[in-house]
Amino acid sequence: MTKVVVLLDFWLSPFGMRVRVALAEKGVEYEYREEDLGNKSQLLLQMNPVHKKIPVLIHNGKPICESLVIVQYIDETWKNKAPLLPSDPYQRAEARFWGDYIDKQIYSCGRRLWTTKGEEQEAAKKELIECFKVLEEHLGDRTYFGGDNLGFVDVALIPFYSWFYAFETCGNFKMEEWCPKIVSWAKTCMQRESVSKSLVDPLKVCHDFVLPRRKTLGLD
Ligand SMILES: N[C@@H](CCC(=O)N[C@@H](CS)C(=O)NCC(=O)O)C(=O)O
Ligand SMILES: *[C@@H]1O[C@H](CO)[C@@H](O)[C@H](O)[C@H]1NC(C)=O
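Going by the annotation in an unreviewed UniProt entry, the name recorded for the chain is glutathione transferase, with Nepenthes gracilis given as the source organism.

Have a look at this one:
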């Protein structure tokens, strides 16, 4: 292994992008290794034998799996920069609660929206919008979910910005119309280099991956 920190990842993964943002926030240098998820490397199978999924962060040869676990590990390991999680136990619990909400609601509704059609797709779209509205409510008038600074919940949610265009295209709606505060929050996050250089082009996600995949699945 050439570097102390290696990231096994896949370009459009929202989970992988979380780790990229966190590493960039902390200014950690690392080696990025793109996985072929149709033909996983020996290293991935060895480092994440349980789920065999990316992202995996390998630090000094030891693997850390599950994106939100990795983000917390990064926060606890590189303490040179502003913390992502608050120090107060209650606020930490609250941040983890919302991270979990994003995994359970945003990810799964988003996935249903682009992998289905007809009534099922319409239901997924409605549910996804509702979930974003819940997050909007939670954001309130703050700049970031972390308050004045980018925090754990921001890192958990921002990668989905790369997927907004695919959601909009599949669901035939505009995020801006339904959750304008989330869109403006995302644009604020994108002003940070840690975010803009870690996220992928929304057009690429849609045209190079989602739409061709829908064709393969016989949905369009
Ligand atoms: N809960 C995991 C989800 C990771 C995940 O779903 N990774 C996908 C890519 S987005 C993957 O590696 N899929 C390969 C497979 O399932 O075989 C996390 O937060 O890291
Ligand atoms: C799978 O990956 C291995 C090593 O990375 C490579 O040698 C092999 O040709 C790949 N197989 C396919 C079917 O792409």
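Engineer: What exactly am I supposed to notice about the UniProt feature "domain: GST C-terminal" (unreviewed entry) in the chain here?
Structural biologist: UniProt's feature table lists "domain: GST C-terminal" (unreviewed entry) at residues 88–216, given in the numbering used throughout. The span residues 88–216 shows a helical share of 78% and a strand share of 0%, and its end C-alpha atoms are spaced 48 Å apart.

Engineer: Would you mind showing me how to read the layout of surface pockets here?
Structural biologist: The gaps left among the atoms become clear once a water-sized probe is rolled over them. Its volume calculated, the largest pocket comes out at about 730 Å³. Lining the largest pocket are 25 residues, with Ser13, Phe15, Leu37, Tyr107 and Arg111 positioned closest to its centre. Elements with a contribution of two residues or more to the lining of the largest pocket: helix H1 (14–26), helix H4 (89–115), helix H7 (161–171) and helix H11 (202–216). Of the residues forming the lining of the largest pocket, the biggest block, 5 residues, is contributed by H4. Across the lining of the largest pocket, the residue classes tally to 13 nonpolar, 4 polar and 8 charged. Each of domain 1 (5–77) and domain 2 (89–216) contributes no fewer than three residues to the lining of the largest pocket. When its volume is computed, the second largest pocket comes out at roughly 300 Å³. Counting residues per element, the ones that place at least two in the lining of the second largest pocket are H4 and helix H6 (152–157). The greatest single-element share of the lining of the second largest pocket, amounting to 4 residues, is contributed by H4.

Engineer: I would appreciate a short explanation of the pairing of strand E2 (residues 31–34) in the present structure.
Structural biologist: Two faces belong to every sheet, and in a regular strand the side chains alternate between them. Both strand E1 (residues 5–9) and E2 contribute to a ladder of 4 bridges, which runs parallel. For Leu7, the partnering residue across the bridge sits in E2 and is Tyr32.

About the criteria used
- Residues numbered from 1 in each chain as written.
- Chains lettered and ligands numbered in written order.
- Predicted model: local features only at pLDDT ≥ 70, side-chain atom pairs only at ≥ 80, totals over all residues.
- Heavy atoms only, no water.
- UniProt positions renumbered as here; feature names shortened; annotations may be inferred.
- Helix = DSSP H or I, 4+ residues; strand = E, 2+ residues; numbered from the N terminus.
- 1 Å grid on protein atoms, 1.4 Å probe; cavity = no way out; pocket = protein on both sides within 12 Å on 5 of 7 lines; lining within 4 Å.
- Points joined across faces, edges and corners; volume = space filled by probe spheres on them.
- Nonpolar A, V, L, I, M, F, W, Y, C, P; charged D, E, K, R; others polar.
- Domains from an automatic or database assignment.
- Pairing = 2+ DSSP bridges.

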